[in-house]
Amino acid sequence: MNLSKLILQNFRNYEQAELEFDAGVNLIVGNNAQGKTNLLEAIGYLGSGKSFRAQRCIEMVRFGADFADCEGTVFSQERQQTLRWVIFGRGRPRQVYRNGVKKKTAGDISGVLQTVLFCPEDLMVLKAGAAPRRRLGDQALCQLRPNYEAALTEYGRILEQKSRILKDRYENPRLTELLPEYNARLCQVGALLISYRARFYEGLGKAAAVYHERFSGGAEAFALQYRTVSTVTDPFAPLADLQGQLMEHLLSHERAELESAQCLTGPHKDDFDVTLSGLSLRAYGSQGQTRTAAISLKLAQRELMGREAGEIPVLLLDDVLSELDPGRQDFVLNQISEGQVFITCCEPGQFTKLGKNIEIRSGTVLEG
Ligand code: ATP
Ligand code: MG
């Protein structure tokens, strides 16, 4: 799949812009704060209705404007298609169109334009805390499995309600009576999350291992282990078994939860660990190994999505290439020779050999 044209109106710092892209590599060059990341955000949003940086849609509407309009021409599913989003200010729902026909939800356009984002924060994610790592995995899995996303949202909602009960029960002790019901629901939906994650991380780990071994010239064996609640003996087990094991862990932490007024157990604490030739990357990995493994993970994510959809997703590399040494840059560029890629960087001339160059200055496009 590829994006051939993008028309922006009042999107972030773009008042009016029309861009045409190459089906291969597109290099977006410009100084800081000119609108490079905004452009990648628009591309990501076009395909998914989700921004990788905005908390609320209104942030994408240009300051002082009433609405933002983002329209693109995509070649995918063996034909040319158009997607369009109109985002209004407060109070009015956004609109989405596919081939000129108004659709109800983002789900109605799913699969037309899929993107994978890779940004500098991702490079050290394997050394970071569990939360960003979990977020990275969750985002990838949500893109792959819409039903997982629904379950994750549901889980988050129950968890939030339970947290509120744990905090409010000091003032209203009778709330405690509600906890068993919330715990049962948490275990039910939690089991589903674990089941999805076990399968996803297995596939991701296998695909990443191939990239990493190629990358390290066969010197390092990459392995990924999914980590979940300690009472879960096999995350691939039937849901009923997982549910029982989650409940067992919950009950053994019941008092601690009441005392701390926090939800201490469940898959919201899940994580994954990478080892290189048996050694934990988090504990022993060098910076270079950590970056290499992160690149392998991202390329693996793109591969899994491509396998599922039968088309390679568009890759968005935000500032990431200039963070890498020449050897790693070459590796990434060789591995992504297929499919469409957008690369942002600040220095003109750094990657001029590659595909199409587009220069951005204060939300204006100067094509080179
Ligand atoms: P860097 O190289 O530093 O990453 P960049 O080119 O990626 O820079 P962007 O993040 O794309 O920069 O653009 C940032 C600019 O867009 C900022 O100057 C910001 O003020 C502006 N901007 C963000 N949202 C809006 C908006 N809703 N309306 C107008 N301008 C906005
Ligand atoms: Mg940027």
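First, a word on what this report is: a plain description of the structure on this page. These numbers were taken from a predicted model, which means no experiment stands behind them.

## As for the overall build of the protein chain
Per the secondary structure count, the protein chain includes 10 helices and 15 strands. Computed over the C-alpha atoms, the radius of gyration of the protein chain is 22 Å, within 12% of the 21 Å expected from 2.2 N^0.38 for a compact globule of 368 residues. Its C-alpha atoms put the protein chain at 65 × 55 × 35 Å along the principal axes. A buried classification covers 51% of the 368 residues belonging to the protein chain. Taking contacts inside the protein chain between residues at least 6 apart in sequence as the whole, the part at least 24 apart equals 69%.

## Comments concerning the pairing of strand β6 (residues 95-98)
In β6, alternate side chains face the same way, and those of Gln 95 and Tyr 97 on one face and Val 96 and Arg 98 on the other are all buried. Both strand β5 (residues 79-88) and β6 contribute to a ladder of 4 bridges, which runs antiparallel. Among the inter-strand pairings, Trp 85 is bridged to a residue of β6, identified as Val 96. If you look at the hairpin formed by β5 and β6, you'll find 6 residues sitting between the two strands, and Gly 91 has a positive phi there, around 90 degrees. Bridging between β6 and strand β7 (residues 101-103) involves 3 bridges; their strand directions are antiparallel. Residue pairing in the sheet places Arg 98 in a bridge with Val 101 of β7. Taking the residues that link successive antiparallel strands as the turn, the β6-β7 hairpin has 2 residues, and the phi of Asn 99 there is positive, at about 50 degrees.

## As for the packing of helix α9 (residues 287-309) against helix α10 (residues 326-335)
At a minimum axis separation of 12 Å, α9 and α10 run at an interaxial angle of 10 degrees. Classed by the angle they form, the pair α9 and α10 counts as roughly parallel. In this structure, α9 contributes Gly 288, Gln 289, Arg 291, Thr 292, Ile 295 and Leu 299 to the contact, and α10 contributes Arg 328, Phe 331, Val 332 and Gln 335. For the contact of α9 with α10, a count of residues per class yields 4 nonpolar, 4 polar and 2 charged.

## Things to note about the packing of helix α4 (residues 146-168) against helix α5 (residues 179-215)
Packing of α4 against α5 leaves a shortest axis separation of 9 Å and a crossing angle of 150 degrees. With respect to their mutual orientation, α4 and α5 come out roughly antiparallel. Like other packed secondary-structure pairs, α4 and α5 cross with a definite hand, here left-handed. Along the contact surface, α4 presents Asn 147, Tyr 148, Ala 151, Leu 152, Glu 154, Tyr 155, Ile 158, Leu 159, Gln 161, Lys 162, Ile 165 and Leu 166, while α5 presents Leu 179, Tyr 182, Asn 183, Arg 185, Leu 186, Val 189, Gly 190, Leu 192, Leu 193, Tyr 196 and Arg 197. Here the residues of the contact of α4 with α5 sort into 15 nonpolar, 4 polar and 4 charged.

## Let's talk about α4
Taking 1.5 Å of rise per residue, the 23 residues of α4 would be expected to cover 33 Å, and the 33 Å separating its terminal C-alpha atoms lies within 8% of that figure. Looking at α4, one finds that the buried residues are Tyr 148, Ala 151, Glu 154, Tyr 155, Ile 158, Leu 159, Lys 162, Ile 165 and Leu 166. As for α4, its buried residues are in contact with α3 (130-144), α5, α6 (239-252) and α7 (254-260).

## A word on the pairing of strand β3 (residues 25-29)
Burial runs high along β3: 5 of the 5 residues are buried. Here β3 shows a buried face lined by Val 25, Leu 27 and Val 29 and a second buried face lined by Asn 26 and Ile 28. Bridging between β3 and strand β14 (residues 356-361) involves 4 bridges; their strand directions are parallel. Counted as the bridge partner of Asn 26 is Lys 356 from β14.

## Points about the site of ligand 1
Surrounding ligand 1, one finds 17 residues, the nearest of these being Asn 32, Ala 33, Lys 36, Thr 37 and Asn 38. In the model, an oxygen atom of ligand 1 is placed 2.7 Å from a nitrogen or oxygen of the Lys 36 side chain. Contact distances for ligand 1 include 2.7 Å between an oxygen atom and a side-chain N or O atom of Thr 37. Starting from 660 Å² of accessible surface for ligand 1 in isolation, the protein chains cover 75%. The class makeup of the residues in the shell around ligand 1 is 4 nonpolar, 7 polar and 6 charged.

## Some thoughts on the packing of aromatic side chains
On inspection of all chains with the given rule, the structure shows 8 aromatic pairs. Centroid distance Phe 67 to Phe 88: 6.3 Å. Interplanar angle 50 degrees. Geometry classified as tilted. Highlighted residues: Phe 67 in strand β4 (residues 67-76) and Phe 88 in strand β5, separated in sequence by 21 residues. Overall, the relative accessible area of 27% leaves Phe 67 in the partly exposed class. Seen in terms of ring centroids, Phe 215 and Phe 331 are 3.7 Å apart; in terms of plane orientation they differ by 15 degrees. Their pairing is stacked.

The rules we used
Residues numbered from 1 in each chain as written. Chains lettered and ligands numbered in written order. Predicted model: local features only at pLDDT ≥ 70, side-chain atom pairs only at ≥ 80, totals over all residues. Heavy atoms only, no water. Helix = DSSP H or I, 4+ residues; strand = E, 2+ residues; numbered from the N terminus. Rg over C-alpha atoms; globule rule 2.2 N^0.38 Å. Buried < 20%, exposed > 50% of the residue type's maximum accessible area, 1.4 Å probe, protein only. Contact = heavy atoms within 4.5 Å. Pairing = 2+ DSSP bridges. Axes fitted to C-alpha atoms, helices over the stretch in contact; angles between N-to-C directions. Parallel < 35°, antiparallel > 145°, perpendicular 65-115°, else oblique. Nonpolar A, V, L, I, M, F, W, Y, C, P; charged D, E, K, R; others polar. Left-handed = near helix turned anticlockwise from the far one by under 90°. Expected span 1.5 Å × (residues − 1). Near = heavy atom within 4 Å. Polar contact = N/O pair within 3.5 Å; in protein donor to acceptor, adjacent residues only side chain to side chain. Areas by Shrake-Rupley, 256 points an atom, 1.4 Å probe, with all protein chains shown as cover. Phe/Tyr/Trp six-rings, centres within 6.5 Å; stacked < 30°, edge-to-face > 60°.

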